[in-house]
Each structure stands twice: as C-alpha cells, then as structure tokens.
Amino acid sequence: MGEIQPHTNSMAALVRRVILPQLTATRKSRFLLHGVRWSHQRSFPEGFPGLQARVRPLFLLVASGGGYLGYDQYGRYKDRQLEKIGIEVPPRLASEVQVTIYKSIPTRLLSRAWGRLNQVDLPTWLRKPIYNLYIWTFGVNMKEAAVEDLQHYRNLGEFFRRKLKPQVRPVCDSHCVISPADGKILHFGHVKNCEVEQVKGVTYSLETFLGPRTCTESLLNNRNEEDPGTFQESLVTKEGNELFHCVVYLAPGDYHCFHSPTDWRVAHRRHFPGSLMSVNPGVARWIKELFCHNERVVLSGEWTHGFFSLTAVGATNVGSIRIYFDKELRTNSPRYSKGTFNDLSYVTNNNQEGISMRKGEHLGEFNLGSTIVLLFEAPRNFTFNLQAGQKIRFGEPLGTM
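Residues numbered from 1 in each chain as written. Predicted model: local features only at pLDDT ≥ 70, side-chain atom pairs only at ≥ 80, totals over all residues. Heavy atoms only, no water.

1. Considering the overall build of the protein chain
Stage number 1. When you go through the protein chain residue by residue, the secondary structure sums to eleven helices and 16 strands.
Stage number 2. Taking all 401 residues of the protein chain together, the buried fraction comes to 44%.
Stage number 3. Looking at the protein chain alone, contacts between residues at least 24 apart form 75% of all its contacts between residues at least 6 apart. (Helix = DSSP H or I, 4+ residues; strand = E, 2+ residues; numbered from the N terminus. Buried < 20%, exposed > 50% of the residue type's maximum accessible area, 1.4 Å probe, protein only. Contact = heavy atoms within 4.5 Å.)

If you want it as structure tokens, here you go:
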C-alpha cells in the first residue's frame, strides 16, 4: 500500500493539471459554438419543445443577412472606385421583392409618432443640449435663424420649422425661376419620352407622377382635344416650348420651408397618399420611381410661359406636408386607398384666377426635410446654370433664357 500511494497522488495531479483543464476548455468551446442551443437545452428540457427549432433559423437569418449586406456594400465600394477613375457604372436598382419588403415597414406609423413627439414641449433646461446635438449632427447654421436663442423653441417641431432672417436669403430678381428651398440639386434638364430622372440613370413616369391630365385641361388652349399627343406633349401649351424639370433634396439640417419659385397662379392641387420611404440620394439611386411610391402634393398651374407645377414629396418622418393657403389639406392619414388621389380646384366662381403666388413668397413647409420637384414648360433656349450634386439656397437662380 505504501508503494501505491505515490503513484495515486501522481495520477491525481495529472488529472487536475491536464485532463480537467482540457475537459473544461472543450465544454467552454462547445458553449461558445452552440451557446443559445446548449443553454436552452439545459435550461428548458421540458415545456418549450419548439424553442430549439425557432432559435436555429435566427442564426441562419442573421448570418445570411449579414453576408448579403457585406456583399452589397463591397459591390457599392467597387462602384465608387470605378466612378472615381471616370468609369460610368449603371445604378444598382432594387428588385420588386426588396421594394415590397421596404414598403412593408410601417414608416407612416413611425412618421406620425415622430410628428407627435415633435410637438411635446421640452423643459427649458433640456432644450439647449438637444438642439445643440441636432445642430452638431446635421450642421445647422443658427446664425441665419430669425431667432438664435435655442430656448425660444418649445419643441422639436418649432425648431425644425424655424424661420430665417430676411436678409440672409435675397431673392434674385434677374432670373425667372429661383430655387424654392435650401438643399441639394439631384437632377435637372429636359423631360424626354415622358420619363423624368430622379437621379442620373434612374427615372420615373411623368404621367404616374402627376396623374391624369384633368388638372391641366384648362391650359390646353392651343391643342386639338381629339389628338392631344403624348402626355408630355399635352402639357406643353405653346409652340416652341419644351418641358423641363429640376429636383431639390432637403436634408434634415436644411431650412424646412419652401417658397414660390416664380410668379405664377396655382389652379389645382392633387394629393397622392402613399408610402413614406427615405428620399436621400442613396435611396433615390436604388429604388426606381421612388417619388411615385411616396406620398406627395402636386400643385399645378400656369406662369408666363405656360404650364408650371411644384410637387412636395414626403419621406420618412416627413408625413406632414403643409401648404399655407390650403387649410383643407391633410397628409399622412392613418388609412388610405392604395393608388388613389384627391383633387381640389382653386379656380372657383369667386376666384377665376386661382391662387396667385409671387416669386419668393412663402408657400409651405415640411416637418423635417424632403424633396421638391419642379416641372414646367419654357422656351427652348432656357438653360440651367447648375451642376448635379451642388448645394443651393432658396432665392438663388436655377437657369436663364
């Protein structure tokens, strides 16, 4: 027995120092590899029979989703590198399935909740920190605001819709069309083949965007009603004119009001309820006919050269579009019929001219930031003095004749 004791002690030491640590490491690695499955097997051996089956697809979903996002981002990175060296790359458009999935997100509900949150008055001591965070994040220039004192704005809604000092946005008098808002120029140019470009290489249908031409029939004085031609041709009311467009994107940090871009009369309003997807340039390059999917308010009328329209396009967190002279307009309603629109004529027995707007006059506002689309006819020699992607401010000229 005396001889066996040392051998036993050495075996016990071997087990403690080598075998037990290996077993412990193996068990830990198993836990890390099969963590959720192992823990649920141990914790819920009975009473939760479907839990293990439900957990496994979650890992597959996360892994496949992460892999797809990584692959997509790598593809976009390669596209940007090619564009830097001057090689034109076709846009990567979303499939119908991807658009359907995006539209299934309750952006309208989220936007209404955001709008109500914006109306909640903040304590005086909390206003400055919150507004300063927003100013720092989006690069807001408060020196241009009519009221620079941050504690003056009771809630986020008032801060978003802040007014500017009159002298910081002089309206150009020497040009017939000015920018209606602060923002970025996404695209501009001639309308061709009844298609309008929202960004380079991505288009949408002119007729789908504006809707049937009932709102412009009163302007068709020089055309044969039996043969109006294409929808685009029906909008051009004067010989020698062409149809032009310009898209201005308002970022969250921009001034959120928009103004009349010229002297014109507004004869008709058409409201399209719809989705509230983001309209930032990245999404506009990804989703074809994005502006036709989203909720929008189309104001149509006439200026000195013929047809003129301004469309305010809604976006995520911008369900509220306000037109100052239209008290009946209600946007982002909880329920709406898909594919429908609501018409309102401003031409009445008492007001045959509609609503007259002067260049630079306040026209409306967004709740956060969105997009303005101008569609108008003008003489063929009208020329835009713009570059795609440039920043522009309200009151600056868009083009010359």
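2. Description of helix H6 (residues 124-138)
Side chains that are three or four residues apart share a direction in an α-helix, a result of its 3.6 residues per turn.
Stage number 1. Taking 1.5 Å of rise per residue, the 15 residues of H6 would be expected to cover 21 Å, and the 22 Å separating its terminal C-alpha atoms lies within 8% of that figure.
Stage number 2. Among the residues of H6, those classed as buried are Arg 127, Tyr 131, Tyr 134 and Ile 135. Looking straight down H6, one finds that the buried residues subtend no more than 100° of arc, so they occupy a single side. Away from the buried face of H6 by more than 90 degrees, exposed residues Trp 125, Leu 133 and Trp 136 are located.
Stage number 3. The secondary structure elements touched by the buried residues of H6 are helix H7 (156-160).
Stage number 4. Gly 139 sits one or two positions beyond H6 and adopts a positive phi of about 70°. (Expected span 1.5 Å × (residues − 1). Arc of directions from axis to C-beta.)

3. Things to note about the sheet that holds strand E12 (residues 362-366)
Stage number 1. Spatially, the three strands line up as an open sheet ordered E5-E12-E9, and their pairing is antiparallel. In the strand order of this sheet, the two ends are held by strand E5 (257-259) and strand E9 (321-323), each with one partner. Mean inter-strand twist for the sheet, computed between neighbouring axes without regard to direction, equals 20°.
Stage number 2. With three bridges connecting them, E5 and E12 associate as antiparallel partners. Across the sheet, Phe 258 pairs through a bridge with Gly 364, a residue of E12. (Pairing = 2+ DSSP bridges. Axes fitted to C-alpha atoms, helices over the stretch in contact; angles between N-to-C directions.)

4. Remarks on the nonpolar core
Stage number 1. Counting residues in each nonpolar core, the largest one holds 33 residues, and the members touching the most others are Leu 206, Phe 209, Leu 210 and Phe 291.
Stage number 2. Excluding residues that lie within four positions of it along the chain, Phe 209 makes contacts with Tyr 204, Phe 272, Phe 291, Cys 292, Arg 296, Val 298, Thr 311, Val 313, Val 373 and Leu 375.
Stage number 3. If you look at the next biggest cluster of nonpolar residues, it comprises 32 residues, including Phe 244, Leu 299, Ile 323 and Ala 378. (Core = buried A, V, L, I, M, F, W, Y, C linked by side-chain atoms within 4.5 Å.)

5. Overview of the environment of Phe 308
Stage number 1. By secondary structure assignment, the location of Phe 308 is in strand E8 (residues 306-313).
Stage number 2. In this structure, the C-alpha to C-alpha distance between Phe 308 and Leu 374, residues 66 residues apart in sequence, is 7.7 Å.
Stage number 3. If sequence neighbours within four positions are ignored, Phe 308 has contacts with Pro 261, Thr 262, Trp 264, Leu 299, Ser 300, Gly 301, Glu 302, Trp 303, Leu 375 and Phe 376.

6. Some words on the packing of aromatic side chains
Stage number 1. Counted according to the given criterion, the structure contains 23 aromatic pairs.
Stage number 2. Seen in terms of ring centroids, Phe 308 and Phe 376 are 5.5 Å apart; in terms of plane orientation they differ by 20°. Their pairing is stacked. A residue pair is termed long-range when its members are at least 10 positions apart, and Phe 308 in strand E8 and Phe 376 in strand E13 (residues 371-379) qualify at 68 residues. We note that Phe 308, like Phe 376, is buried.
Stage number 3. Taken together, a centroid distance of 5.1 Å and an interplanar angle of 90° make the contact between Phe 382 and Phe 384 edge-to-face.
Stage number 4. You can call Phe 382 buried: its relative accessible area is 3%.
Stage number 5. A connected cluster of aromatic rings, assembled from ring pairs, spans Phe 188, Phe 244, Trp 264, Trp 303, Phe 308, Phe 376, Phe 382 and Phe 384.
Stage number 6. Between the NZ or CZ atom of Arg 162 and the centre of the ring of Phe 159, over which it lies, the distance is 5.0 Å.
Stage number 7. The ring of Phe 272 carries Arg 296 above its face, with NZ or CZ at 3.9 Å from the centroid. (Phe/Tyr/Trp six-rings, centres within 6.5 Å; stacked < 30°, edge-to-face > 60°. Lys NZ or Arg CZ within 6 Å of the ring centre and 35° of its normal.)

7. Here we look at helix H5 (residues 107-118)
Stage number 1. Relative to the 16 Å expected for twelve residues at 1.5 Å per residue, H5 spans 16 Å between its end C-alpha atoms, a close match to the ideal helical length.
Stage number 2. Among the structural elements, H7 are those in contact with the buried residues of H5.

8. Focus: the pattern of salt bridges
Stage number 1. Applying the stated criterion across every chain yields a total of 14 salt bridges.
Stage number 2. The residue Arg 154 makes a salt bridge to Glu 158 at a minimum N-O spacing of 2.5 Å.
Stage number 3. Several salt bridges share partner residues, and in doing so they unite Glu 144, Arg 169, Asp 182, Arg 393 and Glu 396 into one network. (Salt bridge = Lys/Arg side-chain N within 4 Å of Asp/Glu carboxyl O.)

9. Here we look at the pairing of E8
Stage number 1. Across the eight residues that make up E8, a large majority, eight, are buried.
Stage number 2. Relative to E8, strand E7 (residues 296-303) runs antiparallel, the two being bridged by eight bridges. Considered in E8, the bridge of Arg 296 is made with Val 313.
Stage number 3. The antiparallel hairpin formed by E7 and E8 contains two residues in its connecting segment.
Stage number 4. Bridge count for E8 against E13 is six bridges, and the pairing is antiparallel. Residue pairing across strands places Ala 312 opposite Ile 372, the latter belonging to E13.

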